[in-house]
Every structure is written in structure tokens, then in C-alpha cells.
Amino acid sequence: MLQLHQRVTALLSEAGYRSDEPLAVGLQRGGVPPFSLAQGLTATTLVYAASLSKQMTAACAALLTQQGALDVESPLSHWLPQLPAWAGTITLRHLIHHTAGLPADHKIDAIIAGDPDRTSSGIIQALTQFPALDHPPGTAHVYSNAGYVCLAAAVERAADLPLPEFARRHLFVPPAMPDTRYWAGPDPVPPGAAPLVRPHPAPLSLGDGGVWTTLNDLLRWGQALNADELGISALLQTPGHLNDGTPLDYAWGIGVRSHGGYRVYRHGGGWTGLRALHARVPELDLTMAVIAINDHTERRIPVINGLLDEVTSSP
């Protein structure tokens, strides 16, 4: 454990993190208690997960799919009939894999610039103002926050429950993630959470983001997926493809990569003053995560890559 602590400390220093910057790094392998190194935060500090939320939103969709309550081949128009006619050409699967062709996020952000909370309803209302898609669904992979807001709305209607309640009952309680929750306000942060730098509070939209969690819970989440405790890991880890069969390196809310000969499932999260990265190597029963607040850089990436170097090269 001392050797791991020294190596993580070295990786943080090599990446350019100072000892006074608030961050937390953790790693868990098998049934061994998790390792964590934190400064300015703790392993139980509640923080904004940003786009790490997408894999949890996708997991909710996967649970409902297995229950027969949600058909990922159904058109978006079935779930959000207030959208223009183009919603009839988009399926939920397109949303999951970012191939829906929705208007680019920067175009949507321009419309909702006056909404400091960046709510789900504001994003969906903004979508109603676009007469056409950026490109036909299924023809290109373009990362879309709005797509996951729409997916979350479909999940809520299929479950007949608000997303925070459905996720609490079926996603967070079963694997024992006591501090994790979706948060839609009205306050900018949940009670006891670490606030983000002003004047940019975390958005209140759900699906693309909205999850607040801790380092310990993120490690527990990864290990639960590695062990398939929710019974949906195979589905979540299935990459998408374009209409012409071109394979994607993006599954259900997670990127699909390789490192040292192992398959790695990873995803980042970022907002003003927040950087996070989560990675899993199921073959090694391994999960790791980095959370840094007041961070506007990509230094988290070499930290995770360095940790992956360490564990994938070990005998």
C-alpha cells in the first residue's frame, strides 16, 4: 500500500498537480478494500459527476429495457411528442450511442444562455426551435449532451417515476452507493456537497449530468459493474455502430478502449471547475477514478493512464 501511495503521489506530481489542489484518486481491485489518496477533499466528499452521469442514465435505460418497459428501437417522438417531426427518425439507441444527429450542444447552449441553471426542460424546449437535424440519424457519431437529456426523459416516462427516484431504488441502493443521487435542485448543490467555483454552479439538467457522488461510491459503482451485480453489464459494454455497420468505440454511456492488452471502459466528466475520470478493467476486476475540483485542465488523463500502466504491466 505504501508503494501504491508513493506511485500515485508521483503520478499527480508528474501530471502537474500541486499538493494544495483539491482532488481525490482511488483504485480498487477485487475484494480488497479500496485505496484512496485525497487532498482538500476526502473519499466521501460529495462532488458533481458531470458526464460520468451518462453511464448511470444508460444503466437506467438498460434496466428498463430488460424489464420490457423500454424499447431502444422506439422513436424519440413516442416519448417526447412535443419535439418537431424529426424526432420520429431518431431512436433511443441513437441517443445512447450519440448518433442521433441532434443540433450541436453549442447551438442549444446559445438558446438557453439566459438560463443559469441549465435545466432539462430548458434544453428540451430549445430543441423544439430547430426545424432540422444536423445530419441524418445513424450516419455519424457526435457527442451530444442534449441526447442524454432526452434519454433521461424517456426513462422517466417508461418508469413512471422521476429519474432521481428510479435511480435511487434500482441503481444506487442495490450496490450500496449511499451518497450517490441525481440532483435537479432547486438549490445548486445537494446538502453537504462541495460547491463548484462561482459564477458557474453545476447545471440542473438530468441525464447528461445531474449525478452527485463520492470517490468511494464511484469505486463501488465500477466494481458492481465488473461483477455484473445489476445484471446489465454485458448490455452496457456493447459498442454501438452506424447505419452502415461502422463500429463505434462508444457503448452505453461509456467509451471502449484498450490498454496493455486489456479492454478498458472509461468516461470523463467536466464542468467549469470540475474534472473527473472513471475507468474499469473487468478482466482484472479493477476500477479507478480521479476527481478534481477547481480544475480546468486535462491532467486527470495522464494520472489514469499512469495507473493503468502500473496495473496492466504487473504480473
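As a reminder, the structure under discussion sits directly above these lines.
Residues numbered from 1 in each chain as written. Predicted model: local features only at pLDDT ≥ 70, side-chain atom pairs only at ≥ 80, totals over all residues. Heavy atoms only, no water.

Participant: What is the right way to look at the packing of aromatic side chains in this model?
Facilitator: What characterises a pair of aromatic rings is the spacing of the ring centres plus the angle enclosed by the ring planes. According to the stated counting rule, one finds two aromatic pairs in the structure shown. Ring centres of Tyr48 and Trp212 lie 5.3 Å apart, and the angle between their planes is 50 degrees; on these two criteria the pair is classed as tilted. On the criterion of sequence distance, the pair formed by Tyr48 in strand β3 (residues 47-48) and Trp212 in strand β5 (residues 211-213) is long-range, its members being 164 residues apart. For Trp212, a relative accessible area of 1% translates into the label buried. A cation sits over an aromatic face here: Arg299 above Tyr17, 4.1 Å from the ring centre. (Phe/Tyr/Trp six-rings, centres within 6.5 Å; stacked < 30°, edge-to-face > 60°. Helix = DSSP H or I, 4+ residues; strand = E, 2+ residues; numbered from the N terminus. Buried < 20%, exposed > 50% of the residue type's maximum accessible area, 1.4 Å probe, protein only. Lys NZ or Arg CZ within 6 Å of the ring centre and 35° of its normal.)

Participant: Just to check I follow, could you spell out the packing of helix α7 (residues 145-159) against helix α8 (residues 163-172) for this structure?
Facilitator: The packing of two helices is summarised by the inter-axis angle and the distance between the axes. Running from N to C, α7 and α8 point in directions that differ by 70 degrees, and their axes come no closer than 9 Å. If you check the angle between α7 and α8, you find them roughly perpendicular. Packed against α7, whose contacting residues are Ala152, Val155, Glu156 and Ala159, the element α8 presents Leu163, Pro164 and Phe166 at the interface. By residue class, the composition of the contact of α7 with α8 is six nonpolar, no polar and one charged. (Axes fitted to C-alpha atoms, helices over the stretch in contact; angles between N-to-C directions. Parallel < 35°, antiparallel > 145°, perpendicular 65-115°, else oblique. Contact = heavy atoms within 4.5 Å. Nonpolar A, V, L, I, M, F, W, Y, C, P; charged D, E, K, R; others polar.)

Participant: Is there a simple way to think about the sheet that holds strand β1 (residues 23-29) in this case?
Facilitator: Adjacent strands of a sheet pair through backbone hydrogen bonds, lying either parallel or antiparallel. Across the sheet, which stays open at both edges, the six strands sit in the order β2-β1-β9-β8-β7-β6 with antiparallel pairing between neighbours. Here the strands that pair on one side only, and so sit at the sheet edges, are β2 (35-39) and β6 (255-259). Averaged over all pairs of adjacent strands, the angle between their axes in this sheet comes to 15 degrees, without regard to strand direction. In terms of strand pairing, β1 meets strand β9 (residues 286-293) through seven bridges, oriented antiparallel. By the bridge assignment for β9, Gly26 is matched with Ala289. (Pairing = 2+ DSSP bridges.)

Participant: Looking at this structure, how should I read the pairing of strand β7 (residues 262-271)?
Facilitator: Note on strand geometry: in a regular strand, side chains alternate between the two faces of the sheet. Across five bridges, β6 lies against β7 in antiparallel orientation. Bridge pairing in β7 places Val256 opposite Tyr265. Joining the antiparallel neighbours β6 and β7 is a turn of two residues, in which Gly260 adopts a positive phi near 60 degrees. Sheet analysis places β7 next to strand β8 (residues 274-281), joined by seven bridges and oriented antiparallel. Opposite Gly268, over in β8, you have Leu277 as the bridge partner. In sequence, β7 turns back onto β8 through a hairpin of two residues, with Gly273 there showing a positive phi of about 85 degrees.

Participant: How should the nonpolar core be read in this particular structure?
Facilitator: In globular proteins that are soluble, nonpolar side chains generally tend to be buried together. In terms of nonpolar packing, the biggest core is built from 81 residues, with Leu76, Leu92, Leu95, Leu102 and Leu171 touching the most fellow members. Tallying contributions element by element places α7 first for this core, with 11 residues. Once residues lying within four places of it in the same chain are set aside, the contact partners of Leu92 are Leu70, Asp71, Val72, Ser74, Leu76, Trp79, Leu151 and Ala154. Listed in part, the 25 residues of the second largest apolar core include Leu277, Leu286, Met288 and Val311. (Core = buried A, V, L, I, M, F, W, Y, C linked by side-chain atoms within 4.5 Å.)

Participant: Explanation requested: the pattern of salt bridges in the structure shown.
Facilitator: One side chain can pair with another of opposite charge once the charged atoms of both are near each other. This model, assessed by the stated rule, comprises 16 salt bridges. Between Arg7 and Glu310 there is a salt bridge, with the nearest N and O atoms lying 2.8 Å from each other. Placement of the pair is Arg7 in helix α1 (residues 2-15) and Glu310 in helix α11 (residues 300-313), with a sequence separation of 303 residues. In this structure, Arg299 and Asp295 form a salt bridge, with 3.1 Å as the shortest nitrogen-oxygen distance. Summarising the burial analysis for this pair, Arg299 and Asp295 share the class buried. (Salt bridge = Lys/Arg side-chain N within 4 Å of Asp/Glu carboxyl O.)

Participant: Help me out: how do you make sense of the sheet that holds strand β4 (residues 181-182) in this one?
Facilitator: Strand order in the open sheet made by the three strands is β3-β5-β4, with antiparallel pairing throughout. The outermost strands of the open sheet, each flanked by one partner alone, are β3 and β4. Both β4 and β5 contribute to a ladder of two bridges, which runs antiparallel. Considered in β5, the bridge of Tyr182 is made with Val211.

Participant: Any chance you could explain helix α6 (residues 120-127) here in plain terms?
Facilitator: Note that an α-helix has 3.6 residues per turn; residues three or four places apart therefore point the same way. A large share of α6 lies buried, amounting to six of its eight residues. Those residues of α6 that sit buried are Ser120, Gly122, Ile123, Ile124, Ala126 and Leu127. Next to the buried residues of α6 lie α5 (105-111) and α7.

Participant: Would you explain the packing of helix α2 (residues 53-66) against α8 in this entry?
Facilitator: Interhelical geometry of α2 versus α8 gives an angle of 75 degrees and a closest axis separation of 10 Å. As judged from the angle between their axes, α2 and α8 are roughly perpendicular. In this structure, α2 contributes Met56, Ala59, Cys60, Leu63 and Leu64 to the contact, and α8 contributes Leu163, Phe166, Ala167, His170, Leu171 and Phe172. Residue classes in the contact of α2 with α8 are distributed as 10 nonpolar, one polar and no charged.

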